[in-house]
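In case you want the letters, here they are:
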Amino acid sequence: MEIEFLGTGAGVPAKHRNVTSIALKLLDERNKIWLFDCGEGTQMQILRTTIKPRKIEKIFITHLHGDHIFGLPGLLSSRSFQGGNESLDIYGPKGVEEFVRTSLRISRSRLGYKLNFYEVTDGIVFEDHQFTVVAKKLDHGIDSFGYRVVEKDHVGELQVDKLVAMSVSPGPIFGQLKRGERVTLPDGRVLDGKDFLGQAKKGRIVTILGDTRYCQQSIELAKDADVLVHESTFNKHEASMAKDYFHSTTHQAAEVAQKAGVQKLALTHISARYLAKEAIELEQEAKEVFPNTLLVKDFDQVLVPFR
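(A) Structural view of the layout of surface pockets. Of the voids in this model, the largest pocket is the one considered here, and its volume is about 260 Å³. Lining the largest pocket are 15 residues; nearest its centre among them are Lys202, Gly203, Arg204, Asp226 and Arg307. It is strand β9 (residues 145-151) that provides the largest number of residues to the lining of the largest pocket, a total of three residues. Residues of the lining of the largest pocket, tallied by class, amount to four nonpolar, one polar and ten charged. The volume enclosed by the second largest pocket comes to roughly 180 Å³. Here the residues of the lining of the second largest pocket sort into six nonpolar, one polar and three charged.

This is the structure we're talking about:
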């Protein structure tokens, strides 16, 4: 599981930062990619990575401000041109379906695959045997959501060496034992799969927030996360301005990480007025409160390891 930042800027594109888009790469887990927001130029950013648009399985939109959605129609069209034929799920606030379908209709764009839209409200928005995704509304003037991606726990590895030492031959029996089943061997021995599994691995948690003021919902979504992605539009001295514009400061993002007990904080949605030196200062400000902080740049990749 790896997070790749395709755009880390706020409001408008800049030479050194494109607007918001984040790829959660689940290539080992399900050979798919989940995209969070799709600002203008996202498909151009993708061209500079190894990401294949046809691998994008789901797109989660945090809110409907232009710097988070203006890249959607182009990316969806290009995905079709490039051979994508599997259906694609789009999750977001009310209005995202109207925006996408209107853009495609007026431009007479036809897709070679099906779009499925899911209007997001507080609670579980997706769940299968591998992942659960929970959404909560944040504080941003318009509906803006954060997403908590929770991986299901991994069953321990089958202890093959132990079975071979007991003269158990590889085959369907190994699969049964891996599933924790009880198996009777031809010689009458009964094996319990639970006795041949290594230690289970706890699933990982990634929290990706939309634009927001400091709020309790952010802390709840980020609880015990391995990685928290939080906007940092203003420096620590601009709390009043951040409140007026429904955004967060470096210290506020770090306070969320600290109170939620996360492992790593990644700061994004950086204003274009903060250049290289100023950006370093933003990171240092956050580290005053939460030391394990990284202020990300476009194309940075953050691994989400098992603990």
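Past the structure itself, the notes keep going.
(B) Looking closely at the pairing of strand β8 (residues 131-137). Pairing geometry for strand β7 (residues 123-127) and β8, over four bridges, is antiparallel. Bridge pairing in β8 places Phe126 opposite Val133. Count of turn residues in the β7/β8 antiparallel hairpin: three residues. Sheet topology places β8 next to β9; seven bridges connect them, and they run antiparallel. Its bridge partner lying in β9, Val133 is registered against Val149.

(C) Expanded view of the environment of Arg48. Structurally, the position occupied by Arg48 is in the loop between α2 (42-46) and β4 (56-60). For the pair Arg48 and Phe299, spaced 251 residues apart in sequence, the C-alpha to C-alpha distance is 8.5 Å.

(D) Fine view of the environment of His154. Secondary-structure assignment places His154 in the loop between β9 and α6 (160-165). For His154, a relative accessible area of 29% corresponds to the partly exposed category. Apart from the residues within four sequence positions on either side, His154 is in contact with Ala200, Lys201, Arg204 and Phe306. Here Glu151 takes part through its side chain, which lies 2.6 Å from a polar atom of the side chain of His154.

(E) Quick peek at the sheet that holds strand β1 (residues 2-7). Strand order in the open sheet formed by seven strands is β6-β5-β4-β3-β2-β1-β16, with mixed pairing between adjacent strands. Looking at which strands have only one partner, the edges of the open sheet turn out to be β6 (115-119) and β16 (301-303). Here the average twist between neighbouring strands, direction ignored, is 20 degrees. Relative to strand β5 (residues 88-92), β4 runs parallel, the two being bridged by three bridges. The residue bridging Phe60 from the neighbouring strand is Tyr91, located in β5. In the packing of helix α4 (residues 72-81) onto the sheet, contacts are made with β3 (32-36), β4, β5 and β6, and the angle to β4 comes to roughly 170 degrees. Across the sheet, helix α5 (residues 96-106) is in contact with β5 and β6; its angle to β6 comes to roughly 150 degrees.

So, how was this worked out
- Residues numbered from 1 in each chain as written.
- Predicted model: local features only at pLDDT ≥ 70, side-chain atom pairs only at ≥ 80, totals over all residues.
- Heavy atoms only, no water.
- 1 Å grid on protein atoms, 1.4 Å probe; cavity = no way out; pocket = protein on both sides within 12 Å on 5 of 7 lines; lining within 4 Å.
- Points joined across faces, edges and corners; volume = space filled by probe spheres on them.
- Helix = DSSP H or I, 4+ residues; strand = E, 2+ residues; numbered from the N terminus.
- Nonpolar A, V, L, I, M, F, W, Y, C, P; charged D, E, K, R; others polar.
- Pairing = 2+ DSSP bridges.
- Buried < 20%, exposed > 50% of the residue type's maximum accessible area, 1.4 Å probe, protein only.
- Contact = heavy atoms within 4.5 Å.
- Polar contact = N/O pair within 3.5 Å; in protein donor to acceptor, adjacent residues only side chain to side chain.
- Axes fitted to C-alpha atoms, helices over the stretch in contact; angles between N-to-C directions.

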